[in-house]
Amino acid sequence: RAAASRLAALCAVAASLLLQAAVVESSELLQALEAAANEEAAVALLEPHLEDLKTLEPEVLEQVVLRQWWGLAREIVAKSHTQQVDLSFSVRKAVRTLKDEAEELLRTLNPKYGLAQQVAPAFQWAQNDTAIFLTIKYTVRWNAPGALEVTEPSVNMTLNMFNFSGLGKHSNNKYRYFLSLSLFDHIVSESSQWSAASVGRISVTLRKRWPRKWPRLIANKKTKIGNMHMWMEMQEKVDSALSGMTTVSNSPVTCQMSEKLYCLATDTCKQADGCSQCPGKSVAKLDEGICTGRPTEKATLSFKDADMDEGELGGEVKISKARNEFDIDTYEVYFGKDDKTKLNGADGAGMAVGSAAPTGSDCEVRIRMNTPVPEAATHLLVFSKNEFGEFATPGQAIIKDAVLPKGKPTSLKFEDEDGDKGEVSGTVHIGRAEDQHQLEEYTLHWGKSERRKINSGSFLRDVMKQADKDPTHYIATSTKIPDGATHMLVFSKNEHGEHPTPASLRFVDATKPCAALTDADCPGQVSISEDTDPEPGRAQATISFAPARSEEGLSLYSVYWGRQGCSDGGQSGAKNGHIKDVQVGEKPSFELPGDTAVPAGTTHILVFSKSKRGESDNCVSADFKDSGVSPTKPEL
């Protein structure tokens, strides 16, 4: 082994040295080709390598083509066919480089080629309630071909302005595509974005400052842009978001164009001294072109306590945003002493929980785990706030201190009464928890151990607690046992969850006796004496059978008339009428008195064993012959 390892190491070293030598040789060959004065010199350099083209690096052939040594290049390509070496990539790459250089030379014949012509690109637009969507094509007409890509792309989005520029080539001309749009209303630049879309286009999403339906894209309704089009395909996709929404008429941008201020409540433009007529917004804000004031809309909130300790809270306060957030700077969350009033602390200020900035979508404030519930706190309140104050009416949610049940069930009892394999039924008895504080009900699950539920489909039933007795639940007949279930588990439970520790039992899938004919609880051989009643359909005889080798759990043996033997199908379709039940411990033999009726079609006597789980599917049998019936003679 040691010798083999040394040999492998020496081979690896040798291969590495050969590779380094090949790299050095290729590098030297390229340098020599670059220094070659003409094609004849290049032929002399490459002639030793032409019979084994696999050893040539792609750069060597590319150099031959770029130096325009066509005779040598054709000879190398011809030899590559006989040597089955694929040189197509290197040849095409070099030819393409030459072609690009030649075309660039032809373009420079145009004295204006070096100067990029500025043009406005064609574009389409669509909108939903919260955004404007643009797709910009690098061409002056939407249906005309254009540049496949642009260099130095620049996109600027601020207030109500959108600007795009980029350099592109098409039809031997250079173009500077430039698009500047003064939008109908302000956008949120931080939430707006753009990206290169399919070849020759960019896609832009402009986030509206507040959700509404714009009447047009451009602020000035008189502005005409020839290569602007509706993006019908996109508009059809997003139209549902505008359903039932009224198209607005004005915005701060359009009002400022007439040196007025915008009143959102009435969707009108007001004189600077007319904001007193704007409901709830009496303060003129000239720099933003709006009448403003305290927020006029509230958010709503929800909270589910994730801290299961009594008297403590923790988890996410989920804030559903106000319909319009344009005048909201923050959402402030407080403890409340009712659904409208803040709970004040020792300093007289409201007891704050936290704050969140509007984002255009729902947001949240986190309450740290183990936060004590202040005395007298009954609600969480959220106020919309800006520099002028808070909206008077808050959103609210009742505080529910989540606490798991203190006590767990004391016991769990169950005995399977269903005799079929893989199925159970019977009454589950649940021992009441000693401490029933915060306990609303019990929940039954299938388990894979004494503590753990099965991975899926574990739930069995919720069982209401009883004030003065242990609760029970009856599992219906033929209830299937899920895969992997070996235990039953019962947890104490309330609306906040389950006590972590269950009571449990390992259940036994009880089955009927004599599941297989070789089992010890199957009856032994059965026999019947000769029928001494001469009347047809009547019998008088003695039936005897051997008891089961093990009668543990058995209650009786059932004896039947049979229309076929047990070996011909067992219980299914074999019974032809009940004769007698013989209790375990009784004599396994009895008389059929004279004139005992024999059901028509009877050919056998059948014996089954039986327990409280039911009667066995398998049986033992003996032939029966009615002496009053003559044997059937065969036809001649």
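Below is a short write-up of the structure. From a predicted model like this one, the values you see are computed outputs, not experimental measurements.

1. Comments concerning the overall build of the protein
When you go through the protein residue by residue, the secondary structure sums to seven helices and 37 strands. Radius of gyration (C-alpha) of the protein: 46 Å, far over the 26 Å computed for a compact globule of 636 residues. Here the C-alpha coordinates of the protein stretch approximately 130 × 95 × 70 Å along the principal axes. Sorting the 636 residues of the protein into buried and exposed places 41% on the buried side. Taking contacts inside the protein between residues at least 6 apart in sequence as the whole, the part at least 24 apart equals 64%. When the accessible area of the protein is evaluated, it comes to approximately 35,100 Å², of which 50% is carbon and sulfur surface. Each charge sign in the protein was given a centre, from 72 positive and 86 negative side chains, and these centres are 7 Å apart.

2. Describing the nonpolar core
Residues Leu134, Phe162, Phe164, Leu181, Leu206 and Leu217 are the most contacted members of the largest nonpolar core, which totals 27 residues. Going through the elements one at a time, strand E2 (122-127), strand E3 (131-137), strand E4 (151-158), strand E5 (161-170), strand E6 (173-182) and strand E8 (201-208) are the ones with two or more residues in this core. A per-element tally of this core places E6 first, with four residues.

3. Some thoughts on helix H4 (residues 70-83)
Relative to the 20 Å expected for 14 residues at 1.5 Å per residue, H4 spans 20 Å between its end C-alpha atoms, a close match to the ideal helical length. What H4 keeps buried is the set Leu72, Ala73, Ile76 and Ser80. Burial along H4 is one-sided: seen end-on, the buried residues are contained in an arc of 100°. Turned more than 90 degrees from where H4 packs its buried face, Arg74, His81 and Thr82 sit exposed. For H4, the elements touching its buried residues are helix H2 (39-46) and helix H3 (58-66). With its phi angle positive at about 55°, glutamine 84 sits one or two positions after the end of H4.

4. Structural notes on the packing of aromatic side chains
Taken as a whole, this structure holds nine aromatic pairs when the rule is applied. An angle of 80° between the planes, with centres 5.9 Å apart, marks the rings of tyrosine 334 and phenylalanine 383 as edge-to-face. Separated by 49 residues along the polypeptide, tyrosine 334 in strand E16 (residues 330-336) and phenylalanine 383 in strand E19 (residues 379-386) bring together distant segments of the chain. Look at tryptophan 561 and phenylalanine 624: their rings are 5.5 Å apart centre to centre, the planes differ by 65°, and that puts the pair in the edge-to-face class. With tryptophan 561 in strand E32 (residues 554-562) and phenylalanine 624 in the segment after strand E37 (620-623), this residue pair connects regions lying 63 residues apart in the sequence.

5. Overview of unusual backbone geometry
It is generally the case that most residues other than glycine have a negative phi and that most peptide bonds are trans. Unlike most non-glycine residues, glutamine 68 shows phi in positive territory, near 60°. Of note, glutamine 68 is situated in the loop between H3 and H4. Notably, alanine 376 is not glycine yet its phi reads approximately 80°, a positive angle.

6. As for the side chain of aspartate 185
Mapped onto the secondary structure, aspartate 185 falls in the loop between E6 and strand E7 (187-196). Residues in contact with aspartate 185, not counting those within four places in the same chain, are Leu159, Asn160, Trp210, Arg212, Trp214, Ser251, Pro252 and Val253.

7. Observations concerning the sheet that holds strand E23 (residues 423-431)
Taken in spatial order, the three strands line up as E22-E23-E26 in an open sheet, and their pairing is antiparallel. For this open sheet the edge positions go to strand E22 (411-414) and strand E26 (472-480), each flanked by a neighbour on one side alone. Taking each pair of neighbouring strands and ignoring which way they run, the sheet shows an average axis angle of 20°. Relative to E26, E23 is paired through six bridges, and the arrangement is antiparallel. Bridging across to E26, glutamate 423 finds its partner in lysine 480.

8. Observations regarding the sheet that holds E8
An order of E7-E8-E3-E2-E9 is seen for the five strands of this open sheet, with the pairing classed as mixed. Strands at the two margins of the open sheet, each flanked by one partner only, are E7 and strand E9 (228-230). Direction aside, neighbouring strands of the sheet carry axes that sit 20° apart on average. As defined by bridge partners, E7 adjoins E8 across six bridges and the pair is classed as antiparallel. Bridging from a neighbouring strand, serine 195 pairs with serine 203 of E8.

9. Let's talk about the packing of H3 against helix H5 (residues 88-107)
In contact at an axis separation of 9 Å, H3 and H5 are set at 35° when each is read in the N-to-C sense. Judged by the sense of rotation from one axis to the other, the crossing of H3 with H5 is right-handed. The segment H3 lies against H5, with Pro58, Leu61, Glu62, Val65 and Leu66 engaging Ser90, Val91, Lys93, Ala94, Val95, Thr97 and Leu98. Within the contact of H3 with H5, the residues separate by chemical class into eight nonpolar, two polar and two charged.

10. Overview of the state of the cysteines
Enumeration according to the criterion identifies five disulfides in this entry. A sulfur-sulfur separation of 2.0 Å characterises the disulfide bridge that pairs cysteine 263 with cysteine 278. What sets the handedness of the cysteine 263 and cysteine 278 disulfide is the S-S torsion sign, and at about 90° it is right-handed. On the criterion of sequence distance, the pair formed by cysteine 263 in strand E10 (residues 261-263) and cysteine 278 in the loop between strand E11 (268-270) and strand E12 (283-285) is long-range, its members being 15 residues apart. A relative accessible area of 0% places cysteine 263 in the buried class. For cysteine 278, a relative accessible area of 2% corresponds to the buried category. Residue cysteine 566 pairs covalently with cysteine 619 via a disulfide, S to S 1.9 Å. Residues cysteine 566 and cysteine 619 are joined by a disulfide whose S-S torsion is about -120°; by sign, that bridge is left-handed. Placement of the pair is cysteine 566 in the loop between E32 and strand E33 (575-583) and cysteine 619 in the loop between strand E36 (614-615) and E37, with a sequence separation of 53 residues. Judged by relative accessible area, cysteine 566 falls into the buried class, the value being 12%. If the cysteines joined by disulfides in the protein are listed in sequence order, their pairing comes out as 1-3, 2-5, 4-6, 7-8, 9-10.

11. As for the pattern of salt bridges
The tally for this structure, following the rule as stated, stands at 24 salt bridges. Residue arginine 209 is joined to glutamate 288 by a salt bridge in which the shortest nitrogen-to-oxygen separation is 3.4 Å. Here the residue arginine 209 occupies a position in the loop between E8 and E9, and glutamate 288 occupies one in the loop between E12 and strand E13 (290-292), the gap between them amounting to 79 residues. Arginine 209 sits in the partly exposed class, given a relative accessible area of 26%.

12. Remarks on H3
Among the residues making up H3, those that are buried are Val60, Leu61, Glu62, Gln63, Val64 and Val65. Looking one or two places after H3, you find glutamine 68, whose phi comes out positive at around 60°.

Thresholds, definitions, all that
- Residues numbered from 1 in each chain as written.
- Predicted model: local features only at pLDDT ≥ 70, side-chain atom pairs only at ≥ 80, totals over all residues.
- Heavy atoms only, no water.
- Helix = DSSP H or I, 4+ residues; strand = E, 2+ residues; numbered from the N terminus.
- Rg over C-alpha atoms; globule rule 2.2 N^0.38 Å.
- Buried < 20%, exposed > 50% of the residue type's maximum accessible area, 1.4 Å probe, protein only.
- Contact = heavy atoms within 4.5 Å.
- Areas by Shrake-Rupley, 256 points an atom, 1.4 Å probe, with all protein chains shown as cover.
- Lys, Arg positive; Asp, Glu negative; His and termini not counted.
- Charge placed at Lys NZ, Arg CZ, Asp CG, Glu CD.
- Core = buried A, V, L, I, M, F, W, Y, C linked by side-chain atoms within 4.5 Å.
- Expected span 1.5 Å × (residues − 1).
- Arc of directions from axis to C-beta.
- Phe/Tyr/Trp six-rings, centres within 6.5 Å; stacked < 30°, edge-to-face > 60°.
- Pairing = 2+ DSSP bridges.
- Axes fitted to C-alpha atoms, helices over the stretch in contact; angles between N-to-C directions.
- Left-handed = near helix turned anticlockwise from the far one by under 90°.
- Nonpolar A, V, L, I, M, F, W, Y, C, P; charged D, E, K, R; others polar.
- Disulfide = S-S within 2.5 Å.
- Salt bridge = Lys/Arg side-chain N within 4 Å of Asp/Glu carboxyl O.

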